[in-house]
Amino acid sequence: QVQLVESGGGVVQPGGSLRLSCAASGFTFGSYGMHWVRQAPGRGLEWVAFIRYDETNRYYGDSVKGRFTISRDNSKNTLYLQMNSLRAEDTAVYYCAKDPLYGGSGYYFDYWGQGTLVTVSS
Amino acid sequence: DIQMTQSPSSLSASVGDRVTITCRASQGISNSLAWYQQKPGKAPKLLLYAASRLESGVPSRFSGSGSGTDYTLTISSLHPEDFATYLCQQYYGILPLTFGGGTKVEIK
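Here the residue numbering is sequential within each chain, running from 1 through the sequence in written order. The order in which chains are written sets their letters, starting at A; the order in which ligands are written sets their numbers, starting at 1. With the structure being a predicted model, the display of local features is reserved for residues of pLDDT at least 70 and the display and counting of side-chain atom pairs for 80 or more, all residues being used for whole-chain, interface and lining totals. The side-chain numbers reported here are obtained from all heavy atoms of the structure, hydrogens and water having been left aside.

## Section: the pattern of salt bridges
Condition: Here, a salt bridge means any Lys or Arg side-chain nitrogen found within 4 Å of an Asp or Glu carboxyl oxygen. The helix count covers DSSP runs of H or I at least four residues long, the strand count covers runs of E at least two residues long, and both are numbered beginning at the N terminus.
Under the counting rule described, the total for this entry stands at eleven salt bridges over all chains. Put simply, D70 of chain B and R24 of chain B hold a salt bridge, and the shortest N to O gap is 2.6 Å. On the criterion of sequence distance, the pair formed by D70 of chain B in strand β8 (residues 70-75) and R24 of chain B in strand β3 (residues 19-25) is long-range, its members being 46 residues apart. Look at the salt bridges and you will find they share partners, linking R38, E46, R67 and D90 of chain A into a network.

## Considerations on the sheet that holds strand β3 (residues 18-25) of chain A
Residues and elements named next belong to chain A. The criterion, for reference: One bridge is not enough; two strands pair if DSSP finds at least two bridges between them. Simply put, an axis is a line fit to the C-alpha atoms, just over the touching stretch for a helix, and the angle between two N-to-C directions goes from 0 to 180 degrees.
Pairing in this open sheet of four strands is antiparallel, and the strands run β1-β3-β8-β7 from one edge to the other. Two strands bound the open sheet, and with one partner strand each, they are β1 (3-7) and β7 (68-73). Strand-to-strand twist across the sheet, computed as the mean angle between neighbouring axes with direction ignored, equals 15°. Sheet topology note: the β1/β3 ladder contains five bridges and is antiparallel. Looking at β3, one finds that V5 is bridged to A23.

## Focus: the interface of chain A and chain B
In plain terms, the rule: Residue contacts follow a heavy-atom distance rule, with two residues in contact if any of their heavy atoms lie within 4.5 Å. A 1.4 Å probe defines the accessible area here, and the buried area is the portion of it lost by two parts on being joined, summed over both. Any pair of N or O atoms that falls within 3.5 Å is considered a polar contact. Within protein, one atom must be able to donate a hydrogen and the other to accept it, and sequence-neighbouring residues count only if both atoms are side-chain atoms.
If you look at the interface, chain A gives 16 residues, while chain B gives 17 residues. For the pair chain A and chain B, the summed buried area comes to about 1500 Å², and 69% of that belongs to carbon and sulfur atoms. For the chain A face of the interface with chain B, the top three residues by lost area are L45, W47 and Y108 of chain A, together amounting to 40%. Along the contact surface separating chain A from chain B lie zero salt bridges. For the interface between chain A and chain B, the tally reads four residue pairs in polar contact (both at pLDDT 80 or more).

## Some details on the state of the cysteines
Our working definition: Cysteine sulfur pairs qualify as disulfides if the two atoms are within 2.5 Å. Note on exposure labels: buried denotes an accessible area under 20% of the residue type's maximum, exposed denotes more than 50%, and partly exposed covers the range between, all computed with a 1.4 Å probe on protein chains only.
As enumerated under the stated definition, the model contains two disulfides over all chains in all. Note that C22 of chain A is cross-linked by a disulfide to C96 of chain A, the S-S spacing being 2.0 Å. Where C22 of chain A bonds to C96 of chain A through sulfur, the torsion about that S-S bond is close to 50°, and the disulfide is right-handed. You can see C22 of chain A sitting in strand β3 and its partner C96 of chain A sitting in strand β9 (residues 92-102), a full 74 residues away along the chain. Assessed through its relative accessible area of 0%, C22 of chain A is described here as buried. Across the disulfide, C23 of chain B is cross-linked to C88 of chain B (sulfur-sulfur distance 2.0 Å). Between C23 of chain B and C88 of chain B the disulfide shows an S-S torsion of about 60°. By sign, it is right-handed.

On their own, these measurements won't tell you what the molecule is for.
What follows is the structure, given as structure tokens:
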């Protein structure tokens, strides 16, 4: 069965950096696009970033563009999110989510991880 | 950006009730709409995509309809496990992907 397990969350000071990981199993990771989606406490969902299965395209939400970098290692079945210049408003649960389209990009999410909490606070 | 507006933001219903939730896009999205269910402290779960296609394993009491800018999620007969928050998401091909604010379905 599909499993996505995020890690790397924690407390970081404003201006700091953090790297999230998402370990994938139960599907051919290298054949699917992957996303990061976040949810601030008590708030709605916000799409953060997408990376195509072959890394040829990466897209970002406006609020994180230039600060966050999505990447993947298909040999390790792992997705990453490097977060720099963190702000208080980046505080959220970060989910990795699988795109449903094999070898393409559906741009919705058929499986989600359990999430990892990032808190940006001094 | 395409704005997604859900209504109502919350509703109270009883087991067995028929429930309808609406999602309106700020521009036409050609059925590029997904619906998710989220329970407290859990990740969202995909229910429907392409506005009306039921995800594998999702009970048939869930259905979706709509076109253009207006879409509807219907639960034909509410089960106890259906009390949750429901969210819509558009993927019309114009990034960013955006979500509705959610509809919380509570027990009456």
